[in-house]
Amino acid sequence: QVQLVETGGGLVQPGGSLRLSCAASGNIFMINVMGWYRQPPGKQRELVATITSGLNTNYADSVKGRFTISRDNAKKTVYLQMNSLNLEDTAVYYCHANIQLLSGRYVNNYWGQGTQVTVSS
């Protein structure tokens, strides 16, 4: 059993900052790619950023220069520092991970429960 638990969402004014965290727990041997996705109201889920176990990162164009993804492999945790937030960043943010279990099996689609980020004045 694997769980991804996100924390850090909330209400913030335009131009403000938030930091999201996602901690993985369970029968984990290794976490490969970790990432953040978001689903704005009335829209489909979209990629925000990903980071590999080797710390290579990838960002959606809409967040480049404003958001920073990082991870602590020892803590099995991924972070998303979000700066210069604007109204279009309002969404439910989901953590995602590709994990190799202790059994050796790869599972490429673990999701957290989501955390709401609302940008509003």
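Preceding this section is the structure that the text describes.
Numbering of residues starts from 1 in each chain and follows the order in which that chain's sequence is written. Reporting of local features is limited, given that this is a predicted model, to residues whose pLDDT is at least 70; pairs of side-chain atoms are given and counted only at 80 or more, and all residues count toward the totals for whole chains, interfaces and linings. Working from all heavy atoms in the structure, the side-chain values ignore hydrogens and water.

Draft legend 1. How the structure looks around the pattern of salt bridges. In what follows, salt bridge is the name for a side-chain nitrogen of Lys or Arg lying within 4 Å of a carboxyl oxygen of Asp or Glu. Scanning the model with the defined rule gives four salt bridges in all. The salt bridge partner of Glu46 is Arg38, with a shortest N-O separation of 2.7 Å. Judged by relative accessible area, Glu46 falls into the partly exposed class, the value being 30%. Exposed residues in this analysis have more than 50% of their type's maximum accessible area, buried residues have under 20%, and partly exposed residues fall in between, with area computed by a 1.4 Å probe over protein chains only. Since its relative accessible area comes to 3%, Arg38 is described here as buried.

Draft legend 2. Spatial organisation of the environment of Lys43. Looking at the secondary structure, you find Lys43 in the loop between strand 4 (28–39) and strand 5 (46–51). Judged by relative accessible area, Lys43 falls into the exposed class, the value being 55%. Remark: the alpha-carbon pair of Lys43 and Ala91, spanning 48 residues in sequence, is separated by 9.3 Å. The secondary structure listing takes helices from DSSP runs of H or I that are at least 4 residues long and strands from runs of E that are at least 2 residues long, numbered from the N terminus.

Draft legend 3. Looking closely at the packing of aromatic side chains. Note on aromatic contacts: the rings of Phe and Tyr and the six-membered ring of Trp form a pair at centre separations within 6.5 Å, being stacked when their planes are under 30 degrees apart, edge-to-face when over 60 apart, and tilted otherwise. Summed over the entire model, instances satisfying the criterion amount to two aromatic pairs. With a centroid separation of 5.1 Å and 70 degrees between ring planes, the pair formed by Tyr37 and Trp111 is classed as edge-to-face. Of this pair, Tyr37 sits in strand 4 while Trp111 sits in strand 10 (residues 106–111), and the two are 74 residues apart along the sequence. Judged by its relative accessible area of 21%, Tyr37 falls in the partly exposed class. Of the residues examined, Trp111 reaches a relative accessible area of 33% and is grouped as partly exposed. Here Tyr94 and Trp111 contribute two aromatic rings whose centre-to-centre distance is 6.5 Å and whose plane-to-plane angle is 85 degrees, an arrangement assigned as edge-to-face. Of this pair, Tyr94 sits in strand 9 (residues 91–101) while Trp111 is found in strand 10, placing the two residues 17 residues apart along the sequence. Following the ring pairs from residue to residue traces out a cluster consisting of Tyr37, Tyr94 and Trp111. Of note, Arg19 hangs over the ring of Tyr79, and the distance from its end group to the ring centre comes to 4.1 Å. When the NZ atom of lysine or the CZ atom of arginine is within 6 Å of a ring's centre and also within 35 degrees of its normal, the charge is said to sit over that ring.

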